[in-house]
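Results of the structural survey
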Amino acid sequence: AKSIGRGTYCFYEESVDKAQEDRRKLKLELSGALERGELFLLYQPQFDCDTGVATGFEVLVRWRHAERGIISPAEFIPLAEETGAIVEIGNWIIDEACKEAASWENPLRVAVNLSPVQFLEDHLAGYIADTLQRHGLAPRRLELEITEGVLIEDEERALDMLRTLKEKGVLLAMDDFGTGYSSLSYLRQFPFDKLKIDRSFIINLQSDPQALGIVKGMIGLGHGLDIPVLAEGVETESQLAMLRLEHGDEVQGFFTGKPKSIADYASLTKASEKQ
Ligand code: C2E
Ligand code: CA
Ligand code: CA
Ligand code: CA
């Protein structure tokens, strides 16, 4: 008989194998998920910090898996990037989001996350322009969220791509701002229309004076460059109050609205009350 030690070792190996096997299986299943209609979109509202008026929605994808239930994008987007399926999935998300936004009485913005893999695709800008036209959505109503990481890998190419996208008239937002390596000169050369402060800075806003200092700095940086600043992950009323005090421009988070089916936000997408 095997010793306990060896048995334990074998068990460990098996569980590593199983995790790899699960990933492999998930990757295979992902390739057909779109066709099977298993992907769907949630919408999280964004609001003007001072007035509380809705300004737009960020689109967040989910996978309804037959056995595993709902799978988070944090788990399956990296798999889709590895297999290349992200291009087709990403195109579908852009199409769905534009179609949805074009149907709203209230002309709010719709913000879509772009994967770095998608971003480096040559056809992206053309596809976006076609999609806007197909659905009759004004380019200014589409915002593309891009993380800093995308820009560092190939600066020249990234700058080229951002300019091409800008020429189409869409808005560009820097996502997860503060988590990368952005410098002032960096921000100046890339044509961003919005900075989205990562929620890791908002979490400790009340308890940590340094966090407040950093958030103040980021808002100042944005305003110094004439770029509005949105705070992500706002979960409490006091965080919202602090952001107002610091002249943040927009907020998004569980406190003001969780990601939900767009039907649940009909009160925002209907014709606006003020007229
Ligand atoms: P992200 O772009 O930073 O999206 C914001 C994430 O924060 C979302 O997680 C959202 O549900 C969550 N969130 C919003 N408000 C709060 C809050 O107040 N508190 C907390 N704790 N969390 C909040 P989600 O939907 O799980 O998405 C995770 C990440 O997956 C996204 O991070 C984004 O990087 C990626 N992702 C989501 N949808 C897409 C997509 O359509 N395409 C691509 N390429 N990536 C996507
Ligand atoms: Ca985002
Ligand atoms: Ca973010
Ligand atoms: Ca994030």
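First things first, this report covers the structure right here in the doc. (Residues numbered from 1 in each chain as written. Chains lettered and ligands numbered in written order. Predicted model: local features only at pLDDT ≥ 70, side-chain atom pairs only at ≥ 80, totals over all residues. Heavy atoms only, no water.)

**A look at the packing of helix 3 (residues 85-102) against helix 5 (residues 124-135)**
Where helix 3 meets helix 5, the closest approach of the two axes is 9 Å, and the angle between their N-to-C directions is 30°. Between helix 3 and helix 5, the crossing angle belongs to the class labelled roughly parallel. For the element pair helix 3 and helix 5, the recorded crossing hand is right-handed. Here Asn 91, Trp 92, Ile 94, Asp 95, Cys 98, Lys 99 and Ala 102 of helix 3 come into contact with helix 5, specifically with Leu 124, Tyr 127, Ile 128, Thr 131, Leu 132, Arg 134 and His 135. A per-class count over the contact of helix 3 with helix 5 returns eight nonpolar, three polar and three charged. (Axes fitted to C-alpha atoms, helices over the stretch in contact; angles between N-to-C directions. Helix = DSSP H or I, 4+ residues; strand = E, 2+ residues; numbered from the N terminus. Parallel < 35°, antiparallel > 145°, perpendicular 65-115°, else oblique. Left-handed = near helix turned anticlockwise from the far one by under 90°. Contact = heavy atoms within 4.5 Å. Nonpolar A, V, L, I, M, F, W, Y, C, P; charged D, E, K, R; others polar.)

**A short note on the environment of Glu 88**
With respect to the helices and strands, the residue Glu 88 is situated in helix 3. Classification of Glu 88 by relative accessible area gives exposed; the value is 52%. Considered as a pair, Glu 88 and Ser 200 are 112 residues apart in the sequence and their alpha carbons are 30 Å apart. (Buried < 20%, exposed > 50% of the residue type's maximum accessible area, 1.4 Å probe, protein only.)

**With respect to the coordination of the calcium ion (ligand 4)**
Each donor-metal-donor angle would ideally measure 109.5 degrees in four-coordinate tetrahedral geometry, or 90 or 180 degrees in six-coordinate octahedral geometry. Of the protein atoms, only Asp 176 (OD) and Asp 176 (OD) coordinate the calcium ion (ligand 4), at distances of 3.0 to 3.2 Å. The metal-metal distance between the calcium ion (ligand 4) and the calcium ion (ligand 3) is 3.8 Å, with Asp 176 coordinating both. Within the secondary structure layout, Asp 176 lies in strand 6 (residues 171-177). (Donors = N, O, S within 2.8 Å, 3.2 Å for Na, K, Ca; no water.)

**Some thoughts on the coordination of the calcium ion (ligand 2)**
At the metal site, the calcium ion (ligand 2) is ligated by Glu 58 (OE), Asn 113 (OD1), Glu 145 (OE) and Asp 175 (OD), and these contacts range over 2.1 to 2.4 Å. Along the chain, the residues donating to the calcium ion (ligand 2) are arranged with the sequence spacing E-x54-N-x31-E-x29-D. Taken as a pair, the calcium ion (ligand 2) and the calcium ion (ligand 3) lie 3.8 Å from each other and share Asp 175 as a ligand. Of this pair, Glu 58 sits in strand 2 (residues 54-65) while Asn 113 sits in strand 4 (residues 109-113); the two residues are 55 residues apart in sequence, bridging distant segments of the chain. Since its relative accessible area comes to 4%, Glu 58 is described here as buried. For Asn 113, a relative accessible area of 30% corresponds to the partly exposed category.

**Quick look at the pattern of salt bridges**
Oppositely charged side chains are able to pair whenever their charged atoms sit close together. A full pass over the atoms with the stated rule returns 19 salt bridges. The partner of Lys 18 in a salt bridge is Asp 22, and the shortest N-O contact between them spans 3.4 Å. On the criterion of helical spacing, the pair formed by Lys 18 and Asp 22 is a turn pair, its members being four residues apart in helix 1 (residues 4-33). In this structure Asp 22 comes out as partly exposed when scored by relative accessible area, which is 37%. (Salt bridge = Lys/Arg side-chain N within 4 Å of Asp/Glu carboxyl O.)

**Thoughts on helix 2 (residues 73-83)**
Quick reminder: α-helices carry 3.6 residues per turn. Residues three or four places apart thus point the same way. Of all the positions in helix 2, only Phe 76, Ile 77, Leu 79 and Ala 80 are classed as buried. End-on, the buried residues of helix 2 take up no more than an arc of 160°, which puts them together on one face. Two or three places before Ala 74, at the opening of helix 2, Ser 72 has a side-chain oxygen 2.9 Å from that residue's backbone nitrogen. One or two steps after helix 2, the chain reaches Gly 84, where phi turns positive at roughly 90°. (Arc of directions from axis to C-beta. Polar contact = N/O pair within 3.5 Å; in protein donor to acceptor, adjacent residues only side chain to side chain.)

**A few points about unusual backbone geometry**
A positive phi angle, near 55°, is found at Asp 176, a position not held by glycine. Of note in the backbone geometry, Asp 226 takes a positive phi value of approximately 70° without being a glycine. Mapping Asp 226 onto the fold places it in the loop between helix 10 (209-224) and strand 8 (229-231). Judged by its relative accessible area of 71%, Asp 226 is exposed.

**Looking at a negative patch on the surface**
A contiguous patch of negative charge, built from Glu 153, Asp 154, Glu 155, Glu 156 and Asp 160, is present on the exposed surface. Structurally, Glu 153 is set in helix 6 (residues 148-153). By relative accessible area, which is 67% here, Glu 153 ends up exposed. (Patch = residues over 30% accessible without salt bridge, like charges linked within 9 Å, V, L, I, M, F, W, Y side chains within 5 Å. Areas by Shrake-Rupley, 256 points an atom, 1.4 Å probe, with all protein chains shown as cover. Lys, Arg positive; Asp, Glu negative; His and termini not counted. Charge placed at Lys NZ, Arg CZ, Asp CG, Glu CD.)

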